[in-house]
Amino acid sequence: RREFTINAIYANINGELFDPFCGKKDLEEGEVKFIGEADKRVKEDYLRILRYVRFFINYSKIPHDLNTKRNIKKNIKGIFNLSSERLIDELKKIIKSEKFINIFQDDFCLEVIELIFPQFKNIHFLKKLDSKKLEILNNLEFTLVIALLIIDNTDNSEYFFYKYKFSNKEKRRINFLKEIFKTKQNNNFFSKSSLNKVLYVHGKDSLIDLINFQIIIEKKNNNNLKSLLKFYEKKEPPIFPVKASDLMNQYKVSEGKTLGIKLKKIEEIWIDNKFNISKKQINKVMEN
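Residues numbered from 1 in each chain as written. Predicted model: local features only at pLDDT ≥ 70, side-chain atom pairs only at ≥ 80, totals over all residues. Heavy atoms only, no water.

1. Looking at the overall build of the protein
For the protein, the count of helices and strands is 17 helices and two strands. What you see for the protein is a C-alpha radius of gyration of 26 Å, clearly larger than the 19 Å of a compact globule of 288 residues, by over 25%. Dimensions of the protein, computed from C-alpha atoms along their principal axes, come out at roughly 85 × 45 × 40 Å. The burial tally for the protein puts 44% of its 288 residues in the buried class. Looking at the protein alone, contacts between residues at least 24 apart form 67% of all its contacts between residues at least 6 apart. (Helix = DSSP H or I, 4+ residues; strand = E, 2+ residues; numbered from the N terminus. Rg over C-alpha atoms; globule rule 2.2 N^0.38 Å. Buried < 20%, exposed > 50% of the residue type's maximum accessible area, 1.4 Å probe, protein only. Contact = heavy atoms within 4.5 Å.)

Structure (structure tokens):
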């Protein structure tokens, strides 16, 4: 049931190897090789095309076998008969694998990924990243890597979500980044003043995503962004100090739409004033 020689190696309780296809030798030499005929193995389960990519970027030390490449390309259309769940599950294993960034150094593996996932519009941009940014990319969560691959100025991400099932939480994370980056930000956006608002309104996880996203897409390595990342990894969102019950008791107002509007206005003033608000400002809102 195994497809490659290197994952058909077994051991008994005493540690004695059972290696019917000389997988140990192939593993030591860094050769990712199908058991028997590559064409037959792939046609048994087309997901093995993606599995080949995962094993190659993690274990290979030698170039692709030409016959293997031909058989993968010949059978590539078969992969579209598989469920989206299986494809995404295997893609997740590739992205989360220890040597994921090796994929950007291998033209054939990149070509395979592009053929299967044409929505990865930014894959060649990621290929151009320097070693420092690739190292950061290698440690990012699966959802954020997907965001970097699919977000552009078109409806590409919407189509990707239509084709592949993602949780509502994952969609919200990616859509938040798309909304931020669909228009150019001013030079002061990545300052503590602006980011504190993002922290409060959207939460810590979204802010960390935002900074990581910007670190990757910026043309140069930005030490200020890295400092901001460290700062916000330890910082918790501010807590709004005014409660509806306090306003009801102090200003003798009833619960309802009017109170909600005033509370929202007070919150906006508090946010715009760097999370500070005076008694006088609250009085002014409540008395109008």
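2. Focus on the environment of P63
Structurally, the position occupied by P63 is in the loop between helix 3 (48–59) and helix 4 (66–74). Between the C-alpha atom of P63 and that of K128, which follows or precedes it by 65 residues, the distance is 21 Å.

3. Quick look at the packing of aromatic side chains
Across all of its chains, the model carries 23 aromatic pairs by this definition. For the pair Y52 and F56, a centre-to-centre distance of 5.8 Å together with 35 degrees between the ring planes defines the contact as tilted. In this pair, Y52 and F56 are both assigned in helix 3, four residues apart and thus about one turn of the helix distant. Relative accessible area serves as the criterion here: at 1%, Y52 is assigned to the buried category. Judged by centre distance (6.0 Å) and plane angle (55 degrees), the ring pair of F161 and F166 falls under tilted. Each member of the pair, F161 as well as F166, carries the same accessibility label: buried. Here the aromatic residues F117, F120, F142, F160, F161, Y164 and F166 are joined through ring pairs into a cluster of three or more. (Phe/Tyr/Trp six-rings, centres within 6.5 Å; stacked < 30°, edge-to-face > 60°.)

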